[in-house]
Amino acid sequence: MKTPFVTLEQLQAMVRRFPTPFHLYDEKGIRENARRVKAAFAWNPGYKEYFAVKATPNPQILKILREEGCGTDCSSLTELMLSDRCGFSGHEIMFSSNDTPREEFALAAKLGATINLDDITHIDFLNEICGIPETISCRYNPGGKFVLSESKEGFQVMDNPGDAKYGMTRVQLAEAFRKLKTLGAKHFGIHAFLASNTISNAYYPALARILFRTAVELQAETDCHIAFINLSGGVGIPYQPEQPGNDIAVIGEGVRRAYEEILVPAGMGDVALYTELGRFMLGPYGHLVTTAIHEKHTYKEYIGVDACAANLMRPAMYGAYHHITVMGKENAPCDHKYDVTGSLCENNDKFAIDRMLPKIDRGDLLVIHDTGAHGFSMGYNYNGRLRSAEVLLQEDGTARLIRRAETPDDYFSTMIFD
């Protein structure tokens, strides 16, 4: 069973200051998790977590992570600007983008970010804009299907890198390294992402083995110094209450064994490891807080809440499961079957379908779990709905507004009426 990180009494005090809906984040949980991740890879002296800004682009969250030793992974101009304004600089920033406009490469270079090239054709494009930096990375796509079927958890992971728009082929990767070296690059990195939201301690070690072997081959083929390997993201969280969570300490140990078996014997024991764990870092430490405002009794039983898909897109977009707690009724029997719906003029605007929950009354506060990553950030203004506030539950138990809710004036501010 999932337990909220906030009590009913705390929420009731918050909603007197911050009307629902709002996204709520747990500072204590975020910091503790960041420290667990850092400890899991502490055996690698160059290790750094580059938090994926796209997951939770809030300055106060980014500042907390920077205090815990994290960098940022950016994929757009505004994410670079946000990182800069939050105090990240130089190699604290990883810039991984695709179909990249000129001005984005230019800003990444100006900030001294580590640039991760998505395609071999981007080499000349980048060189025209700002030249080739001494440290650069390339994104690798091994193609085909990635299958992880034999793990201790008995969990099968399958994804199709060959269908993804990202990264270079193996042949292109070697060619890119050689070309970059002739243009002045001295230190190289390899990046790859093969599967999303994996609930398996075996995923990262399996990915690491692929990248470590590729690194050994590339260094022999090209005589390029491979300084780092970026394992990217993909380590998931258990959205379903019965799912087991990943153990980052076990994952880190699995990567260490692969490192010592493959890289160390090849004389590459100085390679730094990077990660980009957006969802794993923040997902469980965010709640969408909403109020039940309507009941509807037709062919099904509906509970209407004041949040909608504009506040949390994942259920409407992917059919994704997010657990729901009815605050104050945590121990009540789940003997009512509901669709929990928002107000958009779209039938997929549902946070839950045929979900067994306690009896919900108008005015009840609902917590929608695991919205700390790809929750607020995927919000939009369809139907003229406005983005909600973001609130931080601080370590001392007090609540702090870290983004105000949008107003109609914000919505109209970019429109031209004349």
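Definitions and cut-offs
Residues numbered from 1 in each chain as written. Predicted model: local features only at pLDDT ≥ 70, side-chain atom pairs only at ≥ 80, totals over all residues. Heavy atoms only, no water. Phe/Tyr/Trp six-rings, centres within 6.5 Å; stacked < 30°, edge-to-face > 60°. Buried < 20%, exposed > 50% of the residue type's maximum accessible area, 1.4 Å probe, protein only. Pairing = 2+ DSSP bridges. Helix = DSSP H or I, 4+ residues; strand = E, 2+ residues; numbered from the N terminus. Axes fitted to C-alpha atoms, helices over the stretch in contact; angles between N-to-C directions. Contact = heavy atoms within 4.5 Å. Salt bridge = Lys/Arg side-chain N within 4 Å of Asp/Glu carboxyl O. pLDDT = per-residue confidence, 0-100. Left-handed = near helix turned anticlockwise from the far one by under 90°. Nonpolar A, V, L, I, M, F, W, Y, C, P; charged D, E, K, R; others polar. Core = buried A, V, L, I, M, F, W, Y, C linked by side-chain atoms within 4.5 Å. Arc of directions from axis to C-beta.

### Quick word on the packing of aromatic side chains
According to the stated counting rule, one finds 13 aromatic pairs in the structure shown. Seen from their ring centres, Phe41 and Tyr47 are 4.8 Å apart, and the 15 degrees between their planes marks the pair as stacked. As far as the burial class goes, Phe41 and Tyr47 line up, both buried. Seen in terms of ring centroids, Trp43 and Tyr259 are 5.3 Å apart; in terms of plane orientation they differ by 70 degrees. Their pairing is edge-to-face.

### Digging into the sheet that holds strand β9 (residues 187-191)
Overall, parallel pairing links the eight strands, which are arranged β2-β3-β4-β5-β6-β9-β10-β11 in a closed barrel. In this sheet, neighbouring strand axes are inclined to one another by 25 degrees on average, regardless of whether the strands run parallel or antiparallel. The pairing of strand β5 (residues 114-117) with strand β6 (residues 135-139) spans two bridges and is parallel. When the bridges of β6 are listed, Leu117 appears paired with Cys138. The strands touched by helix α4 (residues 77-85) within the sheet are β3 (71-74) and β4 (93-96), with β3 carrying the most contacts at an inclination of about 165 degrees.

### Points about the pattern of salt bridges
As enumerated under the stated definition, the model contains 27 salt bridges in all. In this structure, Glu68 and Arg35 form a salt bridge, with 2.9 Å as the shortest nitrogen-oxygen distance. Of the two residues, Glu68 is situated in the loop between α3 (59-67) and β3 and Arg35 in helix α2 (residues 27-40); the sequence distance between them amounts to 33 residues. According to the relative accessible area criterion, Glu68 is buried, its value standing at 10%. Among the ionic pairs, Arg403 bridges to Glu390, the shortest N-O distance being 2.5 Å. In this pair, Arg403 is assigned in strand β19 (residues 399-403) and Glu390 in strand β18 (residues 389-393), connecting sequence segments 13 residues apart. The exposure class assigned to Glu390 is buried, which follows from its relative accessible area of 1%. Salt bridges sharing common partners tie together Glu27, Arg31, Arg35, Glu67, Glu68 and Glu395.

### Side note on the confidence of the model for the chain
When pLDDT is averaged along the chain, the result is 94; 96% of the residues meet or exceed 70. Predicted confidence is poor over residues 151-156, with pLDDT under 50, and the contacts of this stretch with residues over four places away or in other chains come to eleven contacts.

### A short note on the packing of helix α5 (residues 102-111) against helix α6 (residues 122-130)
As a packed pair, α5 and α6 sit with axes 10 Å apart at the nearest point and diverge in direction by 65 degrees. The element α5 and its partner α6 pack so that their crossing is right-handed. Residues Arg102, Phe105, Ala106 and Ala109 of α5 form the contact with α6, whose participating residues are His122, Phe125, Leu126, Glu128, Ile129 and Cys130. Considering only residue class, the contact of α5 with α6 consists of seven nonpolar, one polar and two charged.

### Some remarks on the nonpolar core
Counting residues in each nonpolar core, the largest one holds 85 residues, and the members touching the most others are Tyr204, Phe212 and Ile229. If one sorts the elements of this core by residue count, helix α8 (residues 203-222) sits on top with nine residues. In this structure Phe212 touches Ile229, Val255, Ala258, Tyr259, Ile262, Leu263 and Leu273, once residues within four positions along its chain are discounted. One finds Ala292, Phe351, Leu357 and Leu366 within the second-largest nonpolar core, a separate group that totals 16 residues.

### Observations concerning the environment of Leu273
Mapping Leu273 onto the fold places it in strand β11 (residues 272-275). Measuring from C-alpha to C-alpha, the distance between Leu273 and Glu406 comes to 39 Å, with 133 residues separating the pair along the chain. Once residues within four sequence positions are removed from consideration, Leu273 is found in contact with Trp43, Asn44, Gly46, Tyr47, Lys48, Phe212, Ile229, Val255 and Tyr259.

### Notes on α6
Spacing of three or four residues puts side chains on the same side of an α-helix, whose turn is 3.6 residues. Regarding α6, the residues found buried are His122, Ile123 and Leu126. Seen from one end, α6 has its buried residues packed into an arc of 105 degrees, which puts them on one side. The secondary structure elements touched by the buried residues of α6 are α5, β5, β6 and α7 (170-182). Gly131, located one to two residues past α6, shows a positive phi value of around 85 degrees.

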